[in-house]
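Listed here are the chains, written in short residue letters.
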Amino acid sequence: MTSIDAVVAGAGLWGCTVARRLAESGRNVLVLEKRPVVGGNVRCETDPATGIEIHTYGSHIFHTHLDDVWDFVNRFISFNGYQHKVLARYKGKTYFLPLGLTLVNQFYGINLTPSELPAFIANEASRDVPQGVTPSNFEEQAISFVGRPLYEAFIRDYTRKQWGRDPKELDASIIRRLPVRTSYDVNYFSDYRQGIPLTGYNSLFDRLLNHPNITVQCDTDWLTWKEGEGKALSHLPVFYSGPIDALFGYKFGALEWRSLNFEVERVNCADYQGTSVVNYTLADVPWTRIHEYKHYHPEQKDVMAHPETIICKEFPKKWELGDEPYYSVNNRETDELLAKYKQEAAKMSNITIGGRLGEYKYYDMDQSIARALAVDLT
Ligand code: UDP
């Protein structure tokens, strides 16, 4: 590459999509990645003994209803058609999420039809949250969605573990992510376009970045690079997807995140739990869920039949500066802090900030790509 026209700082989904678009528009792009490898938290590693694709940062299932995003990723990879189902372990029994006809009928031992379910739930909910009152926090919102018995069985403790806070102190928007169905459909996501890349997630990044106009440099943190080696290039446009507060040296304080610990175990059986994710909804176990990664590739017959499997227990934990940030903790306090950083960012002329860390927002993978496809590159 003779000259550089733009710098992309951070090689996650947002950064790599932006880099590809820049390259295809004829610009020479330098992609800088702080980690030794590209792919952000979508990065996977293949276990050499079993061939299992381990999702290093927890399960990632691609799903979207966005045509342009689907078309874009399918230029680079094909999906295996995996449809995500999540099971929930409660008091020694296993239930199908999401909250819908399957779960409600199993939980109450009844046989409601789709048209009977809403009235049943409304009746359950009305005991605690009077109708017509807008729920003001997570707990009220959850009870208004499903009623107290289901809330206490499947949501309250899980949410406490996940967020480290009482659900009354959490924003109602978090639970709106969890679908509630009136059918027996146990597909966790409502998007029919779903799957896991046949060639693995890493291949998506390799192919996105495989363009003559793209140069990738790992182990390079743009924040320090721009003060040294990259100083002469400070006039170039930058597309930054690191944390927005880090960009300004955390001068107003750090935005709060929730972090995770993953305990990966090799288990001496072909199939540990019969499915990819089981949530543990009560406080009697410290983890929120167990992932069993081989189930994401049912088409890999040899891997499925391998006498060993790999499981991963997920433990939410308090985030401290230096820990891996996973979930943004969006509340009034962090909204105010974010607004201050955004004001600072608006004063900078040649930087575009995006992605989960840059926007301090929970994004599904398709949303990150959609945001990157919408970036004005001029
Ligand atoms: N949730 C819950 N019980 C479950 C699964 C989810 O209470 O078994 C709640 C929890 O508060 C969580 C939110 O729903 O933070 C969103 O869940 P989702 O599965 O979308 O979370 P993700 O997979 O993104 O961590």
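To keep things clear, this report deals only with the structure shown in the data block.

So, how was this worked out
Residues numbered from 1 in each chain as written. Predicted model: local features only at pLDDT ≥ 70, side-chain atom pairs only at ≥ 80, totals over all residues. Heavy atoms only, no water. Helix = DSSP H or I, 4+ residues; strand = E, 2+ residues; numbered from the N terminus. Buried < 20%, exposed > 50% of the residue type's maximum accessible area, 1.4 Å probe, protein only. Contact = heavy atoms within 4.5 Å. Pairing = 2+ DSSP bridges. Axes fitted to C-alpha atoms, helices over the stretch in contact; angles between N-to-C directions. Expected span 1.5 Å × (residues − 1). Salt bridge = Lys/Arg side-chain N within 4 Å of Asp/Glu carboxyl O. Core = buried A, V, L, I, M, F, W, Y, C linked by side-chain atoms within 4.5 Å.

Re the environment of Ile-54
Here Ile-54 lies in strand 4 (residues 53-55). Judged by relative accessible area, Ile-54 falls into the buried class, the value being 11%. Apart from residues no more than four positions distant in its own chain, Ile-54 is found in contact with Arg-43, Cys-44, Glu-45, Asp-47, Tyr-293 and Ile-310.

Examining the sheet that holds strand 1 (residues 6-9)
Sheet architecture is open: 5 strands sit in the order 9-2-1-10-16, paired in parallel fashion. Single-partner strands in this sheet number two, and they are strand 9 (214-217) and strand 16 (351-353). Strand after strand, the sheet turns through a mean of 20° between neighbouring axes, direction not considered. Across 4 bridges, strand 2 (residues 29-32) lies against strand 9 in parallel orientation. Counted as the bridge partner of Val-31 is Val-216 from strand 9. Contacts from helix 1 (residues 13-24) reach strand 1, strand 2, strand 9, strand 10 (238-240) and strand 16 within the one sheet, and its direction differs from that of strand 1 by about 165°.

Some thoughts on helix 1
Relative to the 16 Å expected for 12 residues at 1.5 Å per residue, helix 1 spans 16 Å between its end C-alpha atoms, a close match to the ideal helical length. Where helix 1 is concerned, the buried positions are Leu-13, Trp-14, Gly-15, Cys-16, Thr-17, Val-18, Ala-19, Arg-20, Leu-22 and Ala-23.

Some points on the pattern of salt bridges
By the definition in use, this model includes 22 salt bridges. The closest approach of N and O atoms between Glu-139 and Lys-168, which form a salt bridge, is 3.7 Å. Linking Glu-139 in helix 5 (residues 138-146) with Lys-168 in the loop between helix 6 (148-163) and strand 8 (193-195), this pair joins segments that are 29 residues apart in sequence. Residue class for Lys-168 comes out partly exposed when judged on its relative accessible area of 49%. One continuous salt-bridge network, built from bridges that share partners, spans Arg-148, Glu-152, Arg-156, Asp-157, Arg-160 and Asp-166.

Overview of the nonpolar core
In this structure, Val-18, Phe-62, Phe-154, Ile-155, Trp-222 and Phe-239 are the most contacted members of the largest nonpolar core, which totals 103 residues. The element contributing the most residues to this core is helix 1, with 7 residues. Each residue touching Phe-154, except ones within four places of it in the same chain, is listed here: Ala-88, Tyr-90, Tyr-95, Leu-103, Phe-107 and Thr-281. Grouped together as the second largest cluster of nonpolar side chains are 9 residues, Leu-87, Val-278, Tyr-280 and Ile-290 included.

Observations concerning unusual backbone geometry
The linkage connecting Leu-97 with the following residue, Pro-98, adopts the cis geometry, with an omega of 0°. Examined against the element boundaries, Pro-98 turns out to sit in the loop between strand 7 (93-96) and helix 3 (101-108). Within the chain, Lys-91 stands out as a residue other than glycine whose phi angle is a positive 45°. Turning to its location among the elements, Lys-91 is positioned in the loop between strand 6 (86-90) and strand 7. Classification of Lys-91 by relative accessible area gives exposed; the value is 64%. Look at Asp-219: it is not a glycine, yet its phi comes out positive at around 55°. Position of Asp-219 relative to the elements: it lies in the loop between strand 9 and helix 8 (222-225).

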